[in-house]
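Okay, here's what each chain looks like letter by letter:
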Amino acid sequence: MVVGLREFALRTGDGSPALDESSGEELMHVQPSVAVALGDRSVESPGTLYITSRKLIWLSDADVAKGYAVDFLSISLHAVSRDPQTYSSPCIYTQIEVVEDEDEEDEDEEESNGVLDLSKIREMRLVPSDSTQLDTLFDVFCECAELNPEPIEEEGEEENGHNWVFSADQMVVGGGGEEDAEWQISQSPTSVIGHSNGDESIAQPMLELQINDQRFDDAEEMVHENETKDH
Amino acid sequence: QLFFSYFKDLVGQEVTVELKNDLAIRGTLHSVDQYLNIKLENTRVVDQDKFPHMLSVRNCFIRGSVVRYVQLPPDGVDVDLLHDAARREARGA
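Conventions used here
Residue numbers restart at each chain and count upward from 1, following the sequence in its written direction. Just so you know, chain letters begin at A and ligand numbers begin at 1, following the order they were written in. Thresholds applied to this predicted model are a pLDDT of at least 70 for local features of residues and 80 or more for the giving and counting of side-chain atom pairs; totals over whole chains, interfaces and linings are not thresholded and use all residues. Note that the side-chain values use all heavy atoms of the structure and ignore hydrogens as well as water. Helix numbers and strand numbers start at the N terminus; a helix is a DSSP run of H or I with at least 4 residues, a strand a run of E with at least 2. Accessibility here uses a 1.4 Å probe with only protein chains present; expressed as a share of the type maximum, an area under 20% marks a residue as buried, one over 50% as exposed, and anything in between as partly exposed. Contact between two residues is taken to exist if any of their heavy atoms lie within 4.5 Å; hydrogens are not considered. For the area figures, the Shrake-Rupley method with a 1.4 Å probe applies, and any residue is considered shielded solely by the protein chains shown. Strand pairing is assigned whenever DSSP identifies at least 2 bridges connecting the two strands. Aromatic contacts are taken between Phe, Tyr and Trp rings whose centres are within 6.5 Å, Trp giving its six-membered ring; a plane angle under 30 degrees counts as stacked, one over 60 as edge-to-face, and the others as tilted. Criterion for a charge above a ring: Arg CZ or Lys NZ at most 6 Å from the ring centre, at most 35 degrees from the ring normal. Axes here refer to lines fitted to C-alpha atoms; in helices the fit is confined to the stretch in contact. Angles between the N-to-C directions go from 0 to 180 degrees.

Peer 1: Would you explain the overall build of chain A in this entry?
Peer 2: Check the secondary structure of chain A and you find five helices and eleven strands. With 231 residues in all, chain A has 39% of them scored as buried. Considering only contacts in chain A between residues 6 or more positions apart, those separated by 24 or more positions represent 57%. Put simply, chain A shows about 13,400 Å² of open surface, and 48% of that area lies on carbon and sulfur atoms.

Peer 1: Help me understand the pairing of strand 1 (residues 14-19) of chain B in this model?
Peer 2: Sheet faces and side chains relate simply in a regular strand, where the side chains alternate between the two faces. Residue and element names in this part refer to chain B. Strand 1 sits mainly inside the fold: five of its six residues count as buried. Inspection of the sheet shows strand 1 paired to strand 2 (residues 24-32) by five bridges, in the antiparallel sense. Its bridge partner being in strand 2, Glu-18 is matched across the sheet by Ala-24. In this structure, the hairpin formed by strand 1 and strand 2 is closed by a connection of four residues, where Asp-22 is found at a positive phi of approximately 80 degrees. Where strand 1 meets strand 5 (residues 67-71), four bridges bridge the pair, whose relative direction is antiparallel. Of the residues in strand 5, the one forming a bridge with Thr-16 is Gln-71.

Peer 1: Any chance you could explain the environment of Phe72(A) here in plain terms?
Peer 2: Its location among the elements puts Phe72(A) in the loop between strand 6 (67-71) and strand 7 (75-81). A sequence separation of 72 residues divides Phe72(A) from Cys144(A), and the C-alpha atoms of the two residues are 7.0 Å apart. If near-sequence neighbours (up to four positions away) are discounted, Phe72(A) is found in contact with Ile51(A), Thr52(A), Arg54(A), Lys55(A), Leu56(A), Phe141(A), Cys144(A), Ala145(A), Asn148(A) and Arg63(B).

Peer 1: Before we go on, may I ask you to explain the packing of aromatic side chains in this structure?
Peer 2: By the definition in use, this model includes four aromatic pairs over all chains. Both rings, one in Phe72(A) and one in Phe141(A), keep their centres 5.9 Å apart while their planes meet at 90 degrees; by these two values the pair is edge-to-face. With Phe72(A) in the loop between strand 6 and strand 7 and Phe141(A) in helix 1 (residues 134-146), the pair connects residues that are 69 residues apart, well separated along the chain. With centroids separated by 5.9 Å and ring planes inclined at 65 degrees, the aromatic side chains of Tyr6(B) and Phe7(B) adopt a geometry described as edge-to-face. A residue is classified by how much of its surface remains accessible, and Phe7(B), at 10% relative accessible area, is buried. Connected via pairs of aromatic rings, a cluster forms that spans Phe3(B), Tyr6(B) and Phe7(B). Just above the ring of Phe4(B) sits the side chain of Lys8(B); from NZ or CZ to the centre is 4.6 Å.

Peer 1: Mind showing me how you'd approach the sheet that holds strand 3 (residues 38-45) of chain B here?
Peer 2: Hydrogen bonding along the main chain pairs the strands of a sheet, whether they run parallel or antiparallel. With antiparallel pairing, the nine strands of this open sheet are ordered in space as 3(A)-11(A)-8(A)-7(A)-4(B)-3(B)-2(B)-1(B)-5(B). The open sheet is flanked by strand 3 (34-38) of chain A together with strand 5 of chain B, the only strands paired with a single partner. For this sheet the average axis-to-axis angle between neighbouring strands, irrespective of direction, equals 30 degrees. Sitting on the sheet, helix 1 of chain A is in contact with strand 7, strand 8 (91-96) and strand 11 (123-128) of chain A together with strand 3 and strand 4 (57-62) of chain B, with an inclination near 165 degrees to strand 7 of chain A.

Such coordinate-based values are descriptive only and should not be taken to indicate function.
Pasting the structure below:
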């Protein structure tokens, strides 16, 4: 997966873009006669917009080597823009997520030495010559965005799978009083239990008890807290 | 799933969505999905100077993963209820 806008020039025999069928990428919509404007640059046309289940591709009709693509995962926002004062033609306005470059002070700099860096483009407009198609395009964009949720990271090897922090106590690494000593040995509640004995059948109910400890400092809970610390 | 249910109840209310790129958009919450993708209507940009291109936009779709905050109407939130629900959800109840 590539973040941001990039060049795309892989075409099949009929001029349509080559898709990654092995990953199940499908063509969802084709809109001919669409111009594209990247950032503050002037509009480029004529071209054809291909919307796939994974990304958006614009291919120039005039220049077979020219084309752009951006994954829906990188499209932060999209909208229909109709105000003639803001932009001369009604269009689909999109914001593209870019890789943040810490060294770069001027975030708007897309061109340096005359060479356009597509990966820095943050805004893109798609201008169909048929503006009645804008709402359809907007809906297709919504559909495809929904098809591309954030990929879920692998659940951890821990039994509970979550890495939620419930209180600042869990973050203690060094220092603290004696009563915190047990927590310093381990980095997660489950391994504290593992230290005491390796019996996993005990781990689950014990884990819940300890989570409760994290959450509440009520006086009545203190009894439980003392019990577990003896292990 | 808690926040999905919570936002579904907020549909129709005015919210301000602040994105991770600092753009803040105010609008009426039109719909939300399980990934917390948000559709707003009657949008207006809070900081117009920074993002002039957004001025002409009235409806938009915002990807859930780029949202930093959603500012809620103060009287649209029952804090205690939300607090308890969040606690229960985190415990896996």
